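Single-letter residue listing:
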Amino acid sequence: MARRSDLKSSSEQEKLHPRVMHSLHPEKVELFKSLEGWAESTLLPLLKPVDKCWQPQDHLPEPSSEGFFDEVKELRARAACLPDDYLVCLVGDMITEEALPTYQTMLNTLDGTRDETGASSSPWGIWTRTWTAEENRHGDLLNKYLYLTGRVDMRQIEKTIQYLIGSGMVCNYSCAKCIIVKLRCKL
Ligand SMILES: [Fe+2]
């Protein structure tokens, strides 16, 4: 867990990243409001129903089956041949995927499209929640796969994820650059 002394005070954070109360001009907020009908009829139908999406379990040994341990053995035998740099890429990807709470938070700081209630019926709110739910499968699959391989230090990875989410992220939307405030990779 991050020690309190590791974290910058809120006034120090304010100096580094001045708070943006309104990231969009009112006329642009109005523009997004006027696009809600379009988002509802054009964007939302692109979302795949849950039953048509793959789930992490579709690609992992089935824990309720009798062959579970054999399947895990096979998975580990295949993973034993993976070069270290493949695993480094997978770990990096998995950690990024696992910081999904940060990305959802960032999306909900945006004027005009934020999910005002956490269960808003606006198409932007529905889109953000559904995108988050779809993305959540990626980290789940990678996490369980890497755990089963036995090739990586899961505890260090878990600590890194905790640091990453706890540190948060600052996005400068005006120049479309995202800055990770403090990413303390301790792999
Ligand atoms: Fe993803």
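The model shown is predicted, which means the values in this text are computed figures rather than measured ones.

**Q** Whenever I open this one, the overall build of the chain confuses me. Can you help?
**A** When helices and strands are counted, the chain shows eight helices and two strands. Taken from N to C terminus, the helices and strands of the chain fall in the order α-α-α-α-α-α-α-α-β-β. Entry remark: accessible area of the chain is about 12,600 Å², with carbon and sulfur atoms responsible for 58%.

**Q** I keep staring at the coordination of the iron ion and nothing clicks. Help me out?
**A** For a metal bound by four donors in tetrahedral geometry, the ideal donor-metal-donor angle is 109.5 degrees, whereas six donors in octahedral geometry ideally sit at 90 or 180 degrees. Those donors, Glu-97 (OE), Glu-97 (OE), Glu-135 (OE) and His-138 (ND1), are the protein atoms that reach the iron ion, and they lie 2.1 to 2.5 Å from it. Considering all four donor atoms around the iron ion, angles at the metal cover 53 to 132° and the coordination shape is irregular. Counting residues between consecutive donors of the iron ion along the chain gives the motif E-x37-E-x2-H. Here Glu-135 pairs with His-138, and both are found in helix α7 (residues 123–149), just three residues apart, close to one helical turn. Overall, the relative accessible area of 18% leaves Glu-135 in the buried class. Given a relative accessible area of 23%, His-138 falls into the partly exposed group.

**Q** Even after reading the chapter, I still don't get the pattern of salt bridges, so can you show me in this structure?
**A** Between side chains of opposite charge, pairing is possible as soon as their charged atoms come close. What the rule picks out here adds up to five salt bridges. Of the charged contacts, one joins Glu-74 and Arg-78 as a salt bridge, the two residues approaching to 2.9 Å between their closest N and O atoms. Placement of both Glu-74 and Arg-78 in helix α4 (residues 68–79) is noted, with a separation of four residues, approximately one turn of the helix. Residue Arg-78 is classed as exposed on the basis of its relative accessible area, which comes to 55%.

**Q** Is there a simple way to think about the packing of helix α5 (residues 84–98) against α7 in this case?
**A** Packed helices, taken two at a time, are described by the angle between their axes plus the distance between the axes. Relative to each other, α5 and α7 sit at 140°, their axes nearing to 8 Å. Our classification of the angle between α5 and α7 gives oblique. As for the relative orientation of α5 and α7, their crossing is left-handed in sense. From α5, Leu-87, Leu-90, Val-91, Asp-93, Met-94, Glu-97 and Glu-98 reach across to α7, where they touch Glu-135, His-138, Gly-139, Leu-142, Asn-143, Tyr-145 and Leu-146. Residues that form the contact of α5 with α7 fall into these classes: seven nonpolar, three polar and four charged.

**Q** Teacher, can you tell me more about the packing of aromatic side chains here?
**A** The geometry of an aromatic ring pair is captured by the separation of the ring centres together with the interplanar angle, meaning the angle of the planes. Inspection of every chain in the model, using the stated rule, returns two aromatic pairs. Arranged with centres 5.8 Å apart and planes meeting at 85°, the rings of Phe-32 and Trp-124 form a pair that is edge-to-face. A residue pair is termed long-range when its members are at least 10 positions apart, and Phe-32 in helix α2 (residues 26–34) and Trp-124 in helix α7 qualify at 92 residues. Judged by its relative accessible area of 27%, Phe-32 is partly exposed. Measuring from centroid to centroid gives 5.3 Å for Phe-68 and Phe-69, while their planes differ by 65°, and the two rings are edge-to-face. Here the basic side chain of Arg-137 rests over the ring of Trp-54, its NZ or CZ set 4.3 Å away from the ring centre.

**Q** What am I meant to see in α5 here?
**A** Between the first and last C-alpha of α5 there are 21 Å, a value that for 15 residues agrees with the 21 Å anticipated at 1.5 Å per step. The secondary structure elements touched by the buried residues of α5 are α6 (100–107), α7 and α8 (154–167).

**Q** For this particular structure, what's the right way to read the side chain of Thr-102?
**A** Structurally, Thr-102 is set in helix α6. Using a relative accessible area of 8% as the deciding quantity, one classes Thr-102 as buried. Among residues more than four places away in sequence, those in contact with Thr-102 are Leu-164, Ile-165, Gly-168 and Met-169.

**Q** Would you explain the environment of Tyr-145 in this entry?
**A** In this fold, Tyr-145 is placed in helix α7. Separated by 70 residues in the primary sequence, Tyr-145 and Leu-75 have C-alpha atoms spaced 8.7 Å apart. Not counting chain neighbours up to four residues away, the residues in contact with Tyr-145 comprise Leu-60, Leu-75, Ala-79, Leu-82 and Leu-90.

Quick notes on the rules
Residues numbered from 1 in each chain as written. Predicted model: local features only at pLDDT ≥ 70, side-chain atom pairs only at ≥ 80, totals over all residues. Heavy atoms only, no water. Helix = DSSP H or I, 4+ residues; strand = E, 2+ residues; numbered from the N terminus. Areas by Shrake-Rupley, 256 points an atom, 1.4 Å probe, with all protein chains shown as cover. Donors = N, O, S within 2.8 Å, 3.2 Å for Na, K, Ca; no water. Tetrahedral: all angles 85-135°; square planar, octahedral: opposite > 155°, others 65-115°. Buried < 20%, exposed > 50% of the residue type's maximum accessible area, 1.4 Å probe, protein only. Salt bridge = Lys/Arg side-chain N within 4 Å of Asp/Glu carboxyl O. Axes fitted to C-alpha atoms, helices over the stretch in contact; angles between N-to-C directions. Parallel < 35°, antiparallel > 145°, perpendicular 65-115°, else oblique. Left-handed = near helix turned anticlockwise from the far one by under 90°. Contact = heavy atoms within 4.5 Å. Nonpolar A, V, L, I, M, F, W, Y, C, P; charged D, E, K, R; others polar. Phe/Tyr/Trp six-rings, centres within 6.5 Å; stacked < 30°, edge-to-face > 60°. Lys NZ or Arg CZ within 6 Å of the ring centre and 35° of its normal. Expected span 1.5 Å × (residues − 1).

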